[in-house]
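Working through the structure, step by step
Here is how the chains run, residue by residue.
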Amino acid sequence: MQVVIFKLRDEQFAVETSKVQTISEAVTVTKVPRAPEYVKGLINLRGTVISLLDINLLLDVDKSENVQQSVIILKLEDELIGVSVDQVDEVLEIDEALIENIEEDTKKAYIKGIINFKDRIVTFIDIDKLITK
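In this report, the structure presented in the accompanying data block is examined. Computed from a predicted structure; not experimentally measured. (Residues numbered from 1 in each chain as written. Predicted model: local features only at pLDDT ≥ 70, side-chain atom pairs only at ≥ 80, totals over all residues. Heavy atoms only, no water.)

1. A short note on the layout of surface pockets
- Within this model, the largest pocket holds a volume of roughly 170 Å³.
- Lining the largest pocket are 14 residues, and of these Lys40, Leu52, Val67, Gln68 and Ser84 lie nearest its centre.
- Residues that form the lining of the largest pocket fall into these classes: six nonpolar, five polar and three charged. (1 Å grid on protein atoms, 1.4 Å probe; cavity = no way out; pocket = protein on both sides within 12 Å on 5 of 7 lines; lining within 4 Å. Points joined across faces, edges and corners; volume = space filled by probe spheres on them. Nonpolar A, V, L, I, M, F, W, Y, C, P; charged D, E, K, R; others polar.)

2. Things to note about the sheet that holds strand β1 (residues 2-8)
- As summarised here, the arrangement of the six strands in space is β8-β1-β2-β11-β10-β9, forming an open sheet in which the pairing is mixed. Edge positions in the sheet fall to β8 (87-93) and β9 (99-100), since each of these pairs with one other strand and no more.
- Here strand β10 (residues 111-116) pairs with strand β11 (residues 121-125) via five bridges, running antiparallel. When the bridges of β11 are listed, isoleucine 114 appears paired with threonine 123. (Pairing = 2+ DSSP bridges. Helix = DSSP H or I, 4+ residues; strand = E, 2+ residues; numbered from the N terminus.)

In structure tokens, the structure reads:
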């Protein structure tokens, strides 16, 4: 299984590459009046207008002081959605045996498990459940 690993503050998260359409540098965001707090606005990516979500709010992670550098464009069902992240670290092929299940927590049903590398721990998220919550 391939995953994209990205960083929010000092935490690393992973999503399956099958959900990732593309990765882009930060782009101009057009604010949307009266949009929910987690909607940062709209972005124009090569002529396609995409909603940009604040993944920090969705994951309940404090924002870093730095400007978020990258945008991950996700394909969820038939819709493209962007999430801004501090940085995209890498794309890795991992063995599914590395993914440790965690206890069911109804508040955090979007967490598929923890990927335990020798030097770091990465939270593996189910982006569909996160976005639809």
